[in-house]
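# A look at the structure
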Amino acid sequence: MREREPSLVHAFRQSTPYVNVHRGATFVLMMGGESVAHPNFANIVSDIALLQTLGIRLVLVFGARPQNDEALARANIEAQYHKRIRVTDDQSFALIKQVSGGMQFDITAKLSMGLANTPMQGARISVVSGNFVTAQPLGVDDGVDYCHSGRVRRIDVEGIVRQLDQQNLVLISPIGCSVTGESFNLTSEEVARRIAVDLKADKLICFSSSQGVMDRHGQAVSELFPEQAEEYLIELEQAGEEMSGTARYLRAAIASCRGGVPRSHLVSYQEDGAMLQELFSREGLGTQIVRESAEQARAATIEDIGGILDLIRPLEEDGILVRRSREQLEMEIDKFTIIERDGLIIGCAALYCFMEEAMAEMACVAIHPEYRNSNRGDQLVAKVAERAKRLGIRQLFVLTTRSIHWFRERGFEPLEVEALPVERQRLYNWQRRSKVLSKTIF
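Residues numbered from 1 in each chain as written. Predicted model: local features only at pLDDT ≥ 70, side-chain atom pairs only at ≥ 80, totals over all residues. Heavy atoms only, no water.

### What to know about the nonpolar core
With 40 residues, the main nonpolar core has V28, V59, I160, I172, I195 and L250 as its most contacted residues. With 7 residues, helix α9 (residues 245-258) is the largest single contributor of residues to this core. Residues contacting V59, with those up to four places away along its chain left out, are F27, V28, L29, I160, L164, V170, I172, I195 and L199. Counting residues in hydrophobic clusters, the runner-up holds 35 residues, among them V45, I56, M103 and M275. (Core = buried A, V, L, I, M, F, W, Y, C linked by side-chain atoms within 4.5 Å. Buried < 20%, exposed > 50% of the residue type's maximum accessible area, 1.4 Å probe, protein only. Helix = DSSP H or I, 4+ residues; strand = E, 2+ residues; numbered from the N terminus. Contact = heavy atoms within 4.5 Å.)

Right under this line is the structure:
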C-alpha cells in the first residue's frame, strides 16, 4: 500500500477557495529578461500552463533588458540610459528587435510543449501575439534624444479580450508599433501596467529576483498599501537600487493599484512554485500591493456562524473552550469579533459586558492553527479591548485553563473569582477551575 500524502491533500483542500475565485479572472504576468533566462523558467512555464488549465485568462508581457545589454556588448555598442530609460539609436534598435523577436519565438515554443510525463502534457496552450500595443516616441528630454525609445499610446483592449474569450494566451513583447508605421522600444513594466489597468485585470503578477519586498530582517512583507510600498521604493532608490528589478516592478505595482487593479503581486522567479504558493495559499509567499486588505477584523454577522463553528469546534472537543450550540451562537453573534482573511475566519472572540461593574469578559478566543505563530491573537485582543472601551468598560477579564501565560504576557493579571461581577460568579464552573485574569483598559 502506498504511503499517503496528507500534506498534498491538505494543500489541495486549502487551494480550493482560490481555484473557485480565480476561475475566469484575468491576470497580467510581467516577466523581465532575467526571469526568462533563469533555469527555473521551465517550471514557471509549467505553472502558467496550470493557470490556463484552471480557466484563468492570461496576458504574458516579457522584457529583454539583460539580453539586450548582452547583445549590445557583443557588438561593442555601449548601452545608454537617461532617467532610467534606455536611449535606443538606430544601431541599438536593430539588435534589440532581433533579440525581442527571438525571445518571443522561444517563449512561444516553450508554452507549446506537450511532452508526455511532464507538467505540460496535454496543456495545448494557444499563444497569440500581435499589434495590441500602439506606441509613440518619447522624443527629446533635457537635450537627450531617446530616438527609438517610446511610451505606450494605446492598448487594443477589444483585440486582447477577443483572444482571451477564445481561451488563448496573449503574449506581448516590449516592442510597440505606431500609427505612422514605425516601431519603438518600450519598457515591459509600462506595457504590463497599462494592459493591466486598461483591461481592468484582477491581478498584475511581477517576477522579481527576490521574494517580493523584504523587510530589515530579510523576510518578505506579505501585504502593502500603495503608500507603504512607496516608502520601501524610496529606500531602494536611496540605496542606489532604483534600476533593480524589484524597484521597477514595485513602481508598476503601485501605479497599477492606483489605476484600479485590486492586487499586484511580486514573487520570485528563482524559487520553484512561488507563483502558485502566492496565489493558492492563505499566507502566500511574496508581496502583494493592495487597494484594500485581504484581511480584516470586524464585527461578526449571522453569515459568519458556520465559519466560527469550524474554528472553535476542535478547541471545544479538546476541552479548551466551553461548547456552544449553533442556536446559542445565533443569539450571541452580535457579541463576536472576527478576523477574516480571503473569506476564511481565522480568529474570533466574544465580549460579554457587565455594565454596572464596568467590567467585561472576553470569551471564546480562538485563532486558526496556521496563524497561531503570528500576531493575530494580539490583533484580536486589541480589537476587543477597543470595542469594550467604547462601551465604557474599564476592566477586561478572561477565564482560561490552557492559555494562562499567553494572557499574562499581554498584561493580564490574576484575579480572584470573588472579584468577578456577581452575575458571572454564579455562572463560574468550579469543575473546570478556570484561572481568572484581568486587564485594566486605559
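Once you've had a look at it, read on.
### Section: the domain arrangement of the protein chain
Each domain of the protein chain was delimited in the assignment, giving domain 1 (6-292) and domain 2 (296-440). Taking only C-alpha atoms into account, the centre of domain 1 sits 45 Å from that of domain 2. In this complex, domain 1 contributes 7 residues to the contact, which on the side of domain 2 involves 7 residues. Here domain 1 and domain 2 share an interface that buries about 660 Å² over both sides, 27% of which is from carbon and sulfur atoms. Inspection of the domain 1/domain 2 interface yields 0 salt bridges. Taken together, the connections running from domain 1 to domain 2 amount to 0 residue pairs in polar contact (both at pLDDT 80 or more). Here the side of domain 1 that touches domain 2 takes 3 residues from helix α1 (residues 6-22), the largest share from any one element. A class-by-class count of the residues in the side of domain 1 that touches domain 2 yields 1 nonpolar, 3 polar and 3 charged. (Domains from an automatic or database assignment. Buried area = accessible area lost by both parts, 1.4 Å probe. Salt bridge = Lys/Arg side-chain N within 4 Å of Asp/Glu carboxyl O. Polar contact = N/O pair within 3.5 Å; in protein donor to acceptor, adjacent residues only side chain to side chain. Nonpolar A, V, L, I, M, F, W, Y, C, P; charged D, E, K, R; others polar.)

### Some details on the layout of surface pockets
When its volume is computed, the largest pocket comes out at roughly 1,000 Å³. Lining the largest pocket are 41 residues, with L321, A363, C364, V365 and L399 positioned closest to its centre. Secondary structure elements with two or more residues in the lining of the largest pocket: α12 (326-332), β19 (344-354), β20 (359-367), α13 (376-390), β21 (395-400), α14 (404-408) and α15 (422-426). No other element matches the 7 residues that β20 contributes to the lining of the largest pocket. (1 Å grid on protein atoms, 1.4 Å probe; cavity = no way out; pocket = protein on both sides within 12 Å on 5 of 7 lines; lining within 4 Å. Points joined across faces, edges and corners; volume = space filled by probe spheres on them.)

### Observations concerning empty space enclosed by the protein
Evaluation of the coordinates by the stated rule reveals 1 cavity of 30 Å³ or more. By volume, the largest cavity is sized at about 40 Å³. For the largest cavity, the full set of lining residues is L72, I77, E78, A79, Q80, R86, V87, D89 and S92.

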